[in-house]
Amino acid sequence: MKMRKLGNSNIRVSEIGLGSMGMDHAYGPQADRVEMKKLLEYALDLGCNFFDTAPIYGEENEKLLGTTFKNNRDEVIIATKFGVTGLEVVNNTPQHKLDSKPLSIKRQLNESLERLQTDYIDLYLQHRIDPEIEPEEVARTMNDLIQEGKIRAWGVSEAPLDYIKRAHKICPISAIENQYSMIYRKSEGELFEFCEKNNVAYIAYSPLGNGFLSGKYSSNINFPTDDFRSTMGRFNSDVMTQNQVVLDEIKQIGEDKNATPAQIVLSWELHQKPFIIPIPGTTKIERLKENIKSNEVTLSSSELKHINQILEQLDIDETYF
């Protein structure tokens, strides 16, 4: 497994990481603990050393990583998060409870440390910004935690660029974690320019578009109601039908290179920028192997040009997200 530097920190992570959200959250029932422990251990055996979790995925999610890696903690890089402390219903709509006050951050950190069975976090991410707290105050808290040795580096997720710049001036950000894939490319432009200029890593969640780009779903897919993809417009039958030609082309490119569509998608992402670190999630050993081995798939400049040309045919209304 090739490695990439986690921004301006001295932390090195595998080019492909593993997002653990789907093991407990958003994609249906909790996955079997014994099987997930095996999957995490196998990921490390395959060379993946970067694991992403968060308290909002359920306390058991952090506990799973803690139990799995308590005896070889120094071999793994763990990212977890703060700032989202639960869910509340406002006007019949579920919303995140946000709290990034300094004392709350320290409490959230101590709770995560206990669940993860460790005394430090490698990468501590502000999961969502708290509009009541200025970025400078959050950054000063992060600086304190770094000085105390409780975290090694910090970053933000889905934060506005101005917020990022203000926080970065106080305590340098090592990573930004946002959604990025062939069908969700909002970060290209100013945000990528910021990462390049300031030596900041970009951790890409949902790099396979929640499975949309994997080639494993057809236009007649029906997800169970406890799977949040059941409400995602990208899986609307009309949307999938109108984009099938692009998905078929990705599949053909994969066949020509003896690779799967998912491997072509992840390889394309690795080729976009050297600071991008995709963290596809899975609960299946075969998918894990497939995803991790995508870093062995090489794409020439002409192949990348061809892929980007066919991606221009994608038509996904962003109001669907």
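Scroll up to find the structure this text is about.
Our subject in this report is the structure included herewith. (Residues numbered from 1 in each chain as written. Predicted model: local features only at pLDDT ≥ 70, side-chain atom pairs only at ≥ 80, totals over all residues. Heavy atoms only, no water.)

**Some details on the nonpolar core**
In step 1: Ranked by size, the top nonpolar core spans 74 residues in total, and within it Leu-18, Phe-51, Tyr-124, Met-142, Trp-154 and Tyr-202 carry the most contacts.
In step 2: Considering each element in turn, this core owes the most residues, six residues, to helix H9 (residues 261-272).
In step 3: For Phe-51, the residues in contact, after removing those within four places along its chain, are Leu-18, Leu-40, Ala-43, Leu-44, Leu-65, Phe-69, Val-76, Ile-77, Ile-78 and Ala-79.
In step 4: Formed by 14 residues, the second largest nonpolar core is a distinct cluster that contains Leu-6, Val-13, Leu-123 and Ile-279. (Core = buried A, V, L, I, M, F, W, Y, C linked by side-chain atoms within 4.5 Å. Buried < 20%, exposed > 50% of the residue type's maximum accessible area, 1.4 Å probe, protein only. Helix = DSSP H or I, 4+ residues; strand = E, 2+ residues; numbered from the N terminus. Contact = heavy atoms within 4.5 Å.)

**A few points about the packing of helix H4 (residues 135-147) against helix H5 (residues 161-170)**
In step 1: H5 packs onto H4 with a crossing angle of 40° between their chain directions and a minimal axis gap of 8 Å. By the angle between their directions, the pair H4 and H5 is classed as oblique. By crossing handedness, the relation of H4 to H5 is classed as right-handed. In this structure, H4 contributes Pro-135, Glu-136, Val-138, Ala-139 and Arg-140 to the contact, and H5 contributes Tyr-163, Arg-166, Ala-167 and Ile-170.
In step 2: Taken together, the residues of the contact of H4 with H5 sort by class into six nonpolar, no polar and three charged. (Axes fitted to C-alpha atoms, helices over the stretch in contact; angles between N-to-C directions. Parallel < 35°, antiparallel > 145°, perpendicular 65-115°, else oblique. Left-handed = near helix turned anticlockwise from the far one by under 90°. Nonpolar A, V, L, I, M, F, W, Y, C, P; charged D, E, K, R; others polar.)

**Looking at the side chain of Asn-178**
In step 1: Turning to its location among the elements, Asn-178 is positioned in strand S10 (residues 175-179).
In step 2: Beyond its immediate chain neighbours, meaning those up to four positions away, Asn-178 contacts Ser-157, Glu-158, Ala-159, Ser-187, Leu-191, Tyr-202, Ile-203, Ala-204 and Tyr-205.

**Thoughts on the environment of Leu-247**
In step 1: With respect to the helices and strands, the residue Leu-247 is situated in helix H8 (residues 244-256).
In step 2: Between the C-alpha atoms of Leu-247 and Pro-261, which are 14 residues apart in sequence, the distance is 8.1 Å.
In step 3: Beyond its immediate chain neighbours, meaning those up to four positions away, Leu-247 contacts Phe-212 and Leu-213.

**Quick look at unusual backbone geometry**
In step 1: A positive phi angle, near 55°, is found at Gln-117, a position not held by glycine.
In step 2: Structurally, Gln-117 can be placed in the loop between helix H3 (102-116) and strand S8 (121-126).
In step 3: Since its relative accessible area comes to 39%, Gln-117 is described here as partly exposed.
In step 4: If you check the backbone angles, Glu-158 has positive phi at about 55° while not being a glycine.
In step 5: Residue position: Glu-158 is located in the loop between strand S9 (151-157) and H5.

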